[in-house]
Amino acid sequence: MTQQTYTTVGQPVRRIDGVDKVSGRAEFAVDVVVPGMAYGKLVPSPLPHALITSIDASRARALPGVYAVLTGAELVNMETHYGSDKKDRPIVAMGKVRFQGEPVAAVAAVDLQTAEAAAELIEVEYEELSAASDIASALADGAVPIHDSNWCHEYGYEWGDVDEAFKGCDRIYEDTFTFPMVYHYAMEPHSCVASFEGDRLRVWTSAQHPFLVRAELARIFRLQLDEVQVIVPYVGGGYGSKSYTKIEPLVMALSREAGRPVRLAQSVEESMKTVRRHAAKATVRTGVMNDGTFVARECLSYVDTGGYTDNGVRVTERISDRIVGPYMFDHVRVKSYGIYTNSTPAGSYRSIGGPQASWACESATDIIAADLGIDPIALRLKNLAKKGDELRRGKRPLEGDLAPKLRLVLDEFGWDSYLPVAPDPAHPNIKRGIGFAASVTNSGASPTSTSLVRFHADGSATVYIGTTEIGQGSRSAMAQVAAEELRIPLESIKVIGSDTDVVPYDRSTGSSRSTTLMGLAVHDAAVDVREQLMQLAAGHFETFADQLEASAGQVSFKGESITFGGLVREMFGGSGGELMGRGYVTSNHASGMLHDDPVFWEVSIGAAEVEVDEDTGAVRLLRYVSAADPGKAINPKQVEGQDEGAAMQAIGHTMFEEMLFEDGQFLNPNLVDYRVPTFMDLPDEFETVLIEFGDGPGPYGSKGVGEGGIVAVAPAIANAIFNATGVRVRDLPLTPERVWRAIDAARRGS
Amino acid sequence: MAEATERRIKIAFEVNGGAVEQDVAPEVALIDLLRDGLLLKGVKRSCDMQVCGACTVLVDGAPVSSCTVPAFEVRGKRVLTIEGLAADEALTYISDAFIDNAALQCGFCTPGMVLAAKSLLDANPSPTEADIKDYMRGNICRCTGYKKIVEAIQEAGRIARDGARS
């Protein structure tokens, strides 16, 4: 926007936290040691749904080395419940448990072994209730209400005259798709050290949204925002699992009881019982004309939010926002419901509701294309939204045309010239096929970010951001933006993150928002400093600021120059001093780009080639071409990395990941029984296409890419399986058994 | 105090080139000795059941999951953690290749990943992509999607072979 050529922006620079991370020096919440800290251990409910009739912690409290036991009875002189939208979650169970693994008590002791021994001594008696661990059981007649009822949230929107429009359609298609519960597996389980100090709280935690944790703790313990300090070191993976507030209130309450700081480092099993992605069941009904024109769409979705709402309200809304897909319909009616079940609470996971919506929408697109005998790409192109279209009425118009973006991926894949390899005569039932999917998702969350840049007397600068470094490379990207605008080398920038006592406010790290929104805040703060420097230089050279040239850390005028540091020192009249620049990002940002909701539309495109063994149902992903549409890539390698990582997570939920519950019992809460992708799951060819049309609202025309790669994978692979075998699978994951059963049913049916 | 095991085992071993003597209880896992006893926090605990590789350290040059190895088993052996590798200038080409190839994101798997890569390259400085996938299958990364790690290891191998860096 401000320049056509850049020095640092757009370069695949080495990430500035790289050396910390390859050397083992990077500190994560799980590594934090605070003097005098005690060790915490949770007591989980063995039952998925029960009333707590008594808790006897006397033996645990009597054990030498035990400082405190926290139960619901200790939640006094504080708020007892929390949650991002609905405050329906007790800090520790109060009277009732709603999922297996819900903490009913917690122990703080001198060491972990003592805490674990004490946890074993706590006797809890329950009156068991019947459990519903899926949507159907929770909505069945006679299901025991988990909260006031099992309905958590409902959402919907409508335009046109849907009922009338369906009557005029040549054909109507209706299909139902299911998406399983899946787990993020951020490799650092949720970890936290909390220190209750009366009128001051300190917490070191693996949180993605430190300022939202601060607000929640302040509300719970009835303190001011300035009395709560949330420190987030490097975060060992997030993907949404560490969004909003998770274990921090419990550990803080335990610290209050123990009278000292308490550390709680969860196991992977405990984290699998902390948060997951929403399972979904979505029905898509589409009215079309024989020429492929999309006329009307009606969608009904249910998402399973587990024992507590967590982010269930927003997920219920996003699946509906996203399920219409990147296509224009004159008539739309969409409805979704969030349902409580007796299972791990479901929260944010990379593109909330996005993969579930796209799984339904983009599978449906190919079903329609096959039935109409129209090429699936041609059908998409015919109905695709164009630049400026209101994909969702009343929301932000689409920033850029989608068709040329799809074209880039198709060309990279070689779609138009694809010829399947003829089956090996020795293995005639091993078939190959290709599939495609595309989507757009409303991203960016809320446009509320601030940044501060301190410019030092030697020409270096420190950038303060509330964005948490969860691996996405925000520190590098922000340093690149600051270096660009300050006209100083990247090496002269330090980025400070995520201590709420130190950095200014940022709403959250998620929804692909940081480069766009914090990027603008950092950009503006750096420009603020540069303008101050130019004013100082104008005084120094006794001319006007617009006569001056600033580059490489100095200002030049008529053959003379002065360094930026020299200007700062001159201003303060000595050897020290500093300038401060600020950046405020609101919906009224001066760019005029942030008025509408969403902040931007995130683009997802994917093309897959698979090999299916019809005798076993085994599917091999031979090739996957994904797309990242950053508008302008601040750091192209990091953009690719975001996209590849997101696509690989989706390969997991497409091919094998699934959390299994039976009568509320969580059957596979560990990394042996819940498998995630390894090196062996890397497709033979795995490419990311970078799309840089400069059409984003962020600095330099950028926009976010953290989530797009996860959205298109499942329908692209299922469409490829259909292309290979003629068999349509509507339920994930696409395990060999499920694919074989579908093939077998088709054989018997024909 | 909880029932602590009375029995302790005195072990002498080498960590990152330095001699260490410790009294350890027989049930203590190597990861706890390294992280809590010796404050080598670069050793990361994740799955705790020998699946993910985050806790990988090299014992006499071979990768082991320190979460499931009793500490006493390293008696008389050489243990290398990421801190030792990072301090060895001759080995920084591996970690440099990781940074140059964007083969890390959150960094939680990275110490184990880099150590496993070192062990692979020590045995086979010219690994094919298939060799890398097979050798590294015990190290999970949830961020990168693996492709850039494969590329980093290939580049580190080239540097090791060609002596472009040493």
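Keep in mind the model is a prediction, meaning the values are calculated, not measured.

(A) Layout of the overall build of chain A. The helix and strand inventory of chain A stands at 18 helices and 30 strands. Computed over C-alpha atoms, the radius of gyration of chain A comes to 27 Å, within 12% of the 27 Å expected from 2.2 N^0.38 for 750 residues, which places it in the range of a compact globule. In chain A, buried positions account for 60% of the 750 residues. Of the contacts formed within chain A by residues at least 6 apart in sequence, a portion of 80% connects residues at least 24 apart.

(B) Spotlight on the overall build of chain B. Each helix and strand counted, chain B has six helices and five strands in total. Taken from the N to the C terminus, the helices and strands of chain B come in the order β-β-α-β-β-β-α-α-α-α-α. Relative to the compact-globule value of 15 Å for 166 residues, chain B shows a C-alpha radius of gyration of 16 Å, a close match. With the C-alpha coordinates aligned to their principal axes, the bounding extent of chain B is approximately 50 × 30 × 20 Å. For chain B, the residues scored as buried account for 54% of the 166 residues in total.

(C) View of the sheet that holds strand 13 (residues 228-231) of chain A. All names here are of chain A. As summarised here, the arrangement of the seven strands in space is 3-7-1-14-11-12-13, forming an open sheet in which the pairing is mixed. Single-partner strands in this sheet number two, and they are strand 3 (66-70) and strand 13. Adjacent strand axes in the sheet meet at a mean angle of 20° when their direction is disregarded. By the bridge criterion, four bridges tie strand 11 (residues 191-196) to strand 14 (residues 262-265) in an arrangement that is antiparallel. Looking at strand 14, one finds that Val193 is bridged to Arg263. Contacting strand 1 (38-44), strand 3 and strand 7 (103-109), helix 3 (residues 112-121) crosses the sheet at an angle of about 25° to strand 1. Lying on the sheet, helix 6 (residues 210-220) is in contact with strand 12 (201-205) and strand 13; it crosses strand 13 at an angle near 150°.

(D) Examining unusual backbone geometry more closely. Residues and elements named next belong to chain A. Following Asp597, the chain continues into Pro598 via a peptide bond in cis, with omega recorded as 0°. Within the secondary structure, Pro598 sits in the loop between strand 25 (578-585) and strand 26 (600-613). Here Leu732 and Pro733 are connected by a cis peptide whose omega angle stands at -5°. Even without being a glycine, Asn77 presents a positive backbone phi close to 55°. Following the sequence through the fold, Asn77 ends up in the loop between strand 3 and strand 4 (81-82).

(E) A look at the nonpolar core. Residue and element names in this part refer to chain A. Ala108, Val463, Ala482, Ile717 and Ile721 are the most contacted members of the largest nonpolar core, which totals 286 residues. If you tally residues by element for this core, the top one is helix 14 (residues 514-541), at eleven residues. Not counting chain neighbours up to four residues away, the residues in contact with Val463 comprise Ser451, Val453, Met478, Ala479, Ala482, Ile493, Val495, Ile496 and Val522.

(F) A look at the domain arrangement of chain A. All names here are of chain A. Considered domain by domain, chain A is made up of domain 1 (18-26 + 446-585), domain 2 (32-129 + 188-236 + 241-272) and domain 3 (279-444 + 598-749). Computed over C-alpha atoms only, the centres of domain 2 and domain 3 are separated by 37 Å. Counting residues at the interface gives 19 residues for domain 2 and 21 residues for domain 3. The dominant element in the side of domain 2 that touches domain 3, judged by the number of residues it contributes, is helix 8 (residues 268-272), at three residues. Taken together, the residues of the side of domain 2 that touches domain 3 sort by class into five nonpolar, seven polar and seven charged.

(G) Just the packing of helix 3 (residues 92-100) of chain B against helix 4 (residues 110-123) of chain B, in detail. Residues and elements named next belong to chain B. Axis separation between helix 3 and helix 4 bottoms out at 10 Å; the angle between their running directions is 125°. Between helix 3 and helix 4, the angle falls in the class oblique. Seen along the crossing, helix 3 lies across helix 4 with a hand that is right-handed. Every residue of helix 4 that contacts helix 3 at Ile94, Ser95 and Phe98 is listed here: Thr110, Val114, Ala117, Lys118 and Leu121.

(H) Structural view of the pairing of strand 27 (residues 619-628) of chain A. All names here are of chain A. Counting buried residues along strand 27, seven of its ten residues qualify, which places the element largely inside the surrounding structure. With seven bridges joining them, strand 26 and strand 27 adopt antiparallel strand pairing. From the neighbouring strand, Val612 faces strand 27, where its bridge partner is Val619. Taking the residues between adjacent antiparallel strands as the criterion, strand 26 and strand 27 are bridged by five residues, where Gly617 takes a positive phi near 80°. Bridge count for strand 27 against strand 30 (residues 685-690) is six bridges, and the pairing is parallel. If you follow Arg623 over to strand 30, its bridge partner there is Glu685.

(I) Up close: the packing of helix 10 (residues 354-372) of chain A against helix 17 (residues 713-725) of chain A. Residue and element names in this part refer to chain A. Two elements in contact, helix 10 and helix 17, have axes whose closest approach is 8 Å; the angle formed by their N-to-C orientations is 30°. With respect to their mutual orientation, helix 10 and helix 17 come out roughly parallel. Helix 10 and helix 17 meet at a crossing whose hand is right-handed. Together, Pro355, Ser358, Trp359, Glu362, Ser363 and Asp366 of helix 10 and Ala714, Pro715, Ala718, Asn719 and Phe722 of helix 17 make up the contact between the two elements.

(J) Region of interest: the pairing of strand 24 (residues 560-563) of chain A. All names here are of chain A. As judged from the four bridges shared by strand 23 (residues 554-557) and strand 24, these two strands associate in the antiparallel manner. The partner of Gln554 across the bridge, within strand 24, is Thr563. Counted along the chain from strand 23 to the antiparallel partner strand 24, the turn is two residues long, and its residue Lys558 has a positive phi close to 50°.

(K) Fine view of the domain arrangement of chain B. All names here are of chain B. Its domain assignment divides chain B into domain 1 (9-81) and domain 2 (85-162). Between domain 1 and domain 2, the C-alpha centre-to-centre distance is 21 Å. Looking at the side of domain 1 that touches domain 2, the elements that each hand over two or more residues are strand 3 (56-59) and strand 4 (62-65). Looking at the side of domain 1 that touches domain 2 element by element, the count peaks at three residues for strand 3.

(L) Geometry of the environment of Leu225 of chain A. Residues and elements named next belong to chain A. Its place among the elements puts Leu225 in the loop between helix 6 and strand 13. Here the alpha-carbon distance between Leu225 and Glu188, two residues 37 residues apart in the chain, equals 27 Å. When residues no more than four places from it in sequence are discounted, the contact partners of Leu225 are Arg214, Ala215 and Ala218.

(M) Expanded view of helix 10 of chain A. Residue and element names in this part refer to chain A. Look at helix 10: 27 Å from first C-alpha to last across 19 residues, which is about the 27 Å you get at 1.5 Å a residue. Counting buried residues along helix 10, 15 of its 19 residues qualify, which places the element largely inside the surrounding structure. The positive-phi residue at the C-terminal boundary of helix 10 is Gly373, with phi of around 70°.

(N) Fine view of the interface of chain B and chain A. Residue-level contacts link 40 residues of chain B with 46 residues of chain A. Those elements giving two or more residues to the side of chain B that touches chain A turn out to be helix 2 (82-87), helix 3, helix 4 and helix 6 (147-162) of chain B. With four residues, the single largest contributor to the side of chain B that touches chain A is helix 3 of chain B. Classifying every residue of the side of chain B that touches chain A by side-chain character gives 22 nonpolar, nine polar and nine charged.

(O) View of the environment of Arg454 of chain A. All names here are of chain A. Within the fold, Arg454 resides in strand 19 (residues 449-456). On the neighbour-count criterion, Arg454 (17 C-beta atoms within 10 Å) is partly exposed. Through-space distance from the C-alpha of Arg454 to that of Lys494 is 9.9 Å; in sequence the pair is 40 residues apart. If near-sequence neighbours (up to four positions away) are discounted, Arg454 is found in contact with Ala461, Thr462, Glu578 and Met580.

Conventions adopted
- Residues numbered from 1 in each chain as written.
- Chains lettered and ligands numbered in written order.
- Predicted model: local features only at pLDDT ≥ 70, side-chain atom pairs only at ≥ 80, totals over all residues.
- Helix = DSSP H or I, 4+ residues; strand = E, 2+ residues; numbered from the N terminus.
- Rg over C-alpha atoms; globule rule 2.2 N^0.38 Å.
- Buried ≥ 20, exposed ≤ 12 C-beta atoms within 10 Å, placed from the backbone.
- Contact = placed C-beta atoms within 7 Å.
- Pairing = 2+ DSSP bridges.
- Axes fitted to C-alpha atoms, helices over the stretch in contact; angles between N-to-C directions.
- Core = buried A, V, L, I, M, F, W, Y, C linked by C-beta atoms within 7 Å.
- Domains from an automatic or database assignment.
- Nonpolar A, V, L, I, M, F, W, Y, C, P; charged D, E, K, R; others polar.
- Parallel < 35°, antiparallel > 145°, perpendicular 65-115°, else oblique.
- Left-handed = near helix turned anticlockwise from the far one by under 90°.
- Expected span 1.5 Å × (residues − 1).

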